[in-house]
Amino acid sequence: MPHDAKNPLLQVTSDDVGNWFDKFGEIYHLTLGESMHCGLWFPPDAPVPQGLDMAAMSSEAQDRYTDYLVSTLDPKPGQRVLDIGCGTGRPALRLAQQRDVRVTGISVSKEQIAAASRLADEHGLTDRLTFEFADATRLPYEDESFDCAWFVESLCHMDRAKGLAEAWRVLKPGASLLVLESVVTGELTPSDIAVFETVFAANTPPTLPDFFDLVGKTGFHTLEFKDLSANLAMTMNVLALGCYDRRAEFAERFGADFIEGMIAGLPGMREVLVRKTRFFLAMLRKPAA
């Protein structure tokens, strides 16, 4: 994948991300469930349990996570919500089902948009749930056309500055923006950086000061900040178990080179996530005019 020498945090382009998820994105459904994101194994305001029943927790974690995000964003009836990096549409679906809002989801993966559109049709929600192929750094929407938005683990797949700037542009004054993001807390080696590119089709996380600097330069105010790192670590453990358990099946479906490379990268991925990054939720707001 081409790198941007001027910005070492950029390893992937929108085409890279779209092509990766078109080819390999289904592996997340097959190992983690219907959604394309982390599971909320440990609510941020509750203590982390010492004993875990994986089978009981895994079926509920992703939907619990989405429900928590819906309640945190808290859109009002009739509002227009933008899901930036919508995956295959389940979070947007739950948002539309729970709140009387109109949701527009975008992705650079044509396969994801097709799957998300089928989901909206199957649930009879095409009047309030729309999915479109679009680049988050070049949104095809008018200024100040959305009441709120979220990046559910998707900001890492793009130029963060451009993604935040476009979100700012299309959000109305006073609108909320929910961001799920990782930051680095230790020095990354070249092999660490390769983990983000090859396993996640993602760019290298910023440091926490750099993230807040980027948010401030864009113009957003930070309202809330919560650490969800334990949830991401647990989700990656489930992903690893799924890959090992279905190794032969995945080799046939995705190609032996891909699955063997992913399995080989899992220990390094775990090391980077647990020891050199933190994962958090940030609630931002565009100041009222």
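Structure: see above.
In short, a report on the structure. (Residues numbered from 1 in each chain as written. Predicted model: local features only at pLDDT ≥ 70, side-chain atom pairs only at ≥ 80, totals over all residues. Heavy atoms only, no water.)

## Details of the packing of aromatic side chains
Rule in force here: The pairing test for Phe, Tyr and Trp rings, Trp by its six-membered ring, is centres within 6.5 Å, and the orientation test on the planes gives stacked under 30 degrees, edge-to-face over 60, and tilted for anything in between. In DSSP terms, a helix is any run of H or I states spanning at least four residues, a strand is any run of E spanning at least two, and both are numbered starting from the N terminus. Partly exposed describes any residue whose relative accessible area lies between the buried limit of under 20% and the exposed limit of over 50%, with all areas from a 1.4 Å probe on protein chains only and scaled to the type maximum. Placement of a positive charge over a ring is assigned whenever Lys NZ or Arg CZ falls within 6 Å of the ring centre and within 35 degrees of the normal to the ring plane.
By the definition in use, this model includes 8 aromatic pairs. Plain terms: the ring middles of Phe-211 and Phe-280 are 5.1 Å apart, the flat faces sit at 70° to each other, and that makes the pair edge-to-face. A residue pair is termed long-range when its members are at least 10 positions apart, and Phe-211 in helix 8 (residues 208–218) and Phe-280 in strand 7 (residues 277–285) qualify at 69 residues. The class for Phe-211 is buried, based on a relative accessible area of 0%. Feature note: the residues Phe-211, Phe-212, Phe-225 and Phe-280 constitute an aromatic cluster, connected by ring pairs. Across from the ring centre of Phe-146, 4.1 Å away, lies the NZ or CZ of Arg-80, which sits over that ring. Above the face of the Trp-168 ring, Lys-286 is positioned so that its terminal group lies 4.9 Å from the ring centre.

## Description of the pairing of strand 3 (residues 129–133)
Heads up, the rule is: In this description, strands pair whenever DSSP reports at least two bridges between them.
Bridge count between strand 2 (residues 102–107) and strand 3: 5 bridges; the pairing is parallel. Its bridge partner being in strand 3, Gly-105 is matched across the sheet by Phe-131.

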